[in-house]
Amino acid sequence: MSADSLGLLLKAFRLPTMAEIYERVVQEAEQQGWGYRKFLLHLCEAEAQDRAERKLERLLKQSGLPGGKNLGGLEEAKLPVKVRRVLPSLLEGGFVTRAENVIALGLPGRGKSHFLAALGRELILRHKYAVLFTPTFKLVQQLLAAKRDLRLEELLRKLDHFDAILLADLGHVKQDREEMEVLFTFLAERYERRSVLLTHLPPFAHGFPRERKLTQLIDWSGLGGGCSGACGWLFLETTPAPPTSATPPALPSALPGSYRPAATTLASPRPGTPTARL
């Protein structure tokens, strides 16, 4: 068999790195008296390393993570003690394996998106997880377009390939009926199967009823207190709680009437739910 034929076979077997280096490795093996095992091991290790690097590049490219928002740029010293304590366990990535969720609450400009973007990047670099970072409004528009074109199930299957999806600025959703329904469908589809990481304003900040409606949406989908402590919670800011006499507004008519919300809200996670506050 000629060298050209061997190269073509290696490419046909989807072994591009072996096809590229095998002639050089053959010469090196002959000069140093390698056995067949060492020769084959060297080729396989080179192919495996190159594949790992290509996969990492592909994961980073498809993630949509914003540039510059990485762990090195995160001022950990300014994070509260409880947040710094929970960060190492989040970086271990076990919550993704368990399909748990993280919800970062706080006022605008307090680093919620930076924190989750940095976490998402580390999940890729350390564990090779497939991660997607996207503004919530953009995902909702994609879901609406897919529903209009009768491709909603197809898009949900595509999104299911991501181990963790990071949704920035949940509060920017308009909250009309169609938007709330497709967002609910997306969250419910991932419940107990894949992780979701959200950034959101506190439920009592900047328009109490508006934030409460989205809070109840999270509860209904199973990501909130309704998951009996199985979800991850990360509060990135301490904000004064609403008066105890305050009652939640009526349920939004935009959500399917056949569902009922969980009894708890983001402001009051169930006992046993892990929390970290600024």
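Note: the structure precedes this text.
Now for a quick tour of the structure. The residue numbering used here restarts from 1 in each chain and proceeds along that chain's sequence as written. Under the rules for a predicted model, residues below a pLDDT of 70 receive no local features and side-chain atom pairs below 80 are neither given nor counted, while totals for whole chains, interfaces and linings still include all residues. Values shown for side chains rest on all heavy atoms present in the structure; no hydrogens or waters enter the calculation.

Thoughts on the packing of helix α7 (residues 136–148) against helix α9 (residues 177–190)
In step 1: At their nearest, the axes of α7 and α9 sit 9 Å apart, and the two run at 95° to each other. Between α7 and α9, the crossing angle belongs to the class labelled roughly perpendicular. Here Thr-136, Leu-139, Val-140, Gln-141, Leu-143, Leu-144 and Lys-147 of α7 lie close against α9, whose contacting residues are Glu-178, Glu-179, Glu-181, Val-182, Leu-183 and Phe-186.
In step 2: Tallied by class, the residues present in the contact of α7 with α9 amount to seven nonpolar, two polar and four charged. Under this scheme, a helix contributes an axis fitted over its contacting stretch, all axes are lines through C-alpha atoms, and angles between N-to-C directions fall in the 0 to 180 degree range. Numbered from the N terminus, helices here are DSSP runs of H or I no shorter than four residues, and strands are runs of E no shorter than two. Angle categories: roughly parallel below 35 degrees, roughly antiparallel above 145, roughly perpendicular from 65 to 115, and oblique for all the rest. Any two residues whose heavy atoms approach within 4.5 Å are treated as being in contact. Basically, the charged four are Asp, Glu, Lys and Arg, the nonpolar ten are Ala, Val, Leu, Ile, Met, Phe, Trp, Tyr, Cys and Pro, and anything else, Gly included, counts as polar.

Focus: the environment of Thr-199
In step 1: Take Thr-199: it is sitting in strand β4 (residues 195–200).
In step 2: Relative accessible area serves as the criterion here: at 2%, Thr-199 is assigned to the buried category.
In step 3: Thr-199 sits 97 residues away from Val-102 along the chain, and the two C-alpha atoms are 8.7 Å apart.
In step 4: Apart from residues no more than four positions distant in its own chain, Thr-199 is found in contact with Ala-104, Lys-112, Ser-113, Leu-116, Leu-167, Ala-168, Asp-169 and Leu-170. For each residue, the accessible area found with a 1.4 Å probe, counting protein chains only, is set against the maximum for its type, and the residue is called buried under 20%, exposed over 50%, and partly exposed in between.

Focus: the packing of α7 against helix α8 (residues 152–159)
In step 1: Between α7 and α8, the least distance of the axes is 7 Å, while the angle of their chain directions is 140°. Judged by the inter-axis angle, α7 sits oblique to α8. In this structure, α7 uses Leu-139, Gln-142, Leu-143, Ala-146 and Lys-147 to contact α8, whose residues at the interface are Leu-152, Leu-155, Leu-156 and Leu-159.
In step 2: By residue class, the composition of the contact of α7 with α8 is seven nonpolar, one polar and one charged.

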